[in-house]
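Spelled out from the first residue to the last, the chains are:
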Amino acid sequence: MGTMTIAIYPGSFDPLTNGHLDLIHRGARLFDRLLVAVGVNPGKQTIFELQQRMDLVQGCIGEVEGVVEVVSFTGLLVDAAKEHGATCVIRGVRGASDLDSESSMANTNRTLLPELDTVFFSPAPEWSFLSSRLVREIARGHGEVNKLVPPAVAQALQQRFPD
Ligand code: PNS
């Protein structure tokens, strides 16, 4: 048997969007195992607590759940990758503006852990404009998010920001 390649997909997932879900499906196809790593950043306010962010990811991954595991991480991504035996980080790059910050993050992580590679995925074009930040703004303003996030996330947002 060859080696298993484990990839880690880190993010805040505040909340999970259809763009994230698209990447999870692409990652699960390419790698033997995919860890969705929900980050805890003590200095950053989130609209959902860690447990709810993780539950929403877990509840929305459906049929890919056999190869996808949801974990949390605090501190450095390279330490989480080491802990779980992941040799590859995946991140979505929506366009030129993402590339700057993502390249910097990838190179920083490579400095810290040279054997860890970052692979950039190009999300499906229908999600190229989408971000958790925009979803939060729309939800705060009681706008329609049904086309942007899975149904369970839309429902959680409705409860988080009741009209
Ligand atoms: O969903 P986001 O906010 O784009 O995710 C950013 C995240 C959590 C992946 C990034 O901030 C991160 O990896 N944080 C952990 C801290 C760390 O390892 N920093 C050094 C790498 S630049």
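Use the structure listed above.
Residues numbered from 1 in each chain as written. Predicted model: local features only at pLDDT ≥ 70, side-chain atom pairs only at ≥ 80, totals over all residues. Heavy atoms only, no water.

In the neighbourhood of the ligand, the contacting residues comprise Pro-10, Gly-11, Ser-12, Lys-44, Phe-73, Gly-75, Leu-76, Leu-77, Arg-91, Met-105 and Asn-109. Within the side chain of Lys-44, an N or O atom sits 3.3 Å from an oxygen atom of the ligand. At 2.8 Å, a backbone N or O of Leu-77 approaches an oxygen atom of the ligand. Contact with the protein chains hides 67% of the accessible area of the ligand, taken as 550 Å² for the molecule alone. Of the pockets mapped on this structure, the ligand occupies the largest pocket. Those elements that provide at least two residues to the shell around the ligand are β1 (6–11) and α4 (96–112). Its residues assigned to classes, the shell around the ligand shows five nonpolar, four polar and two charged. (Near = heavy atom within 4 Å. Polar contact = N/O pair within 3.5 Å; in protein donor to acceptor, adjacent residues only side chain to side chain. Areas by Shrake-Rupley, 256 points an atom, 1.4 Å probe, with all protein chains shown as cover. 1 Å grid on protein atoms, 1.4 Å probe; cavity = no way out; pocket = protein on both sides within 12 Å on 5 of 7 lines; lining within 4 Å. Sits in = over half its atoms within 2 Å of the grid points. Helix = DSSP H or I, 4+ residues; strand = E, 2+ residues; numbered from the N terminus. Nonpolar A, V, L, I, M, F, W, Y, C, P; charged D, E, K, R; others polar.)

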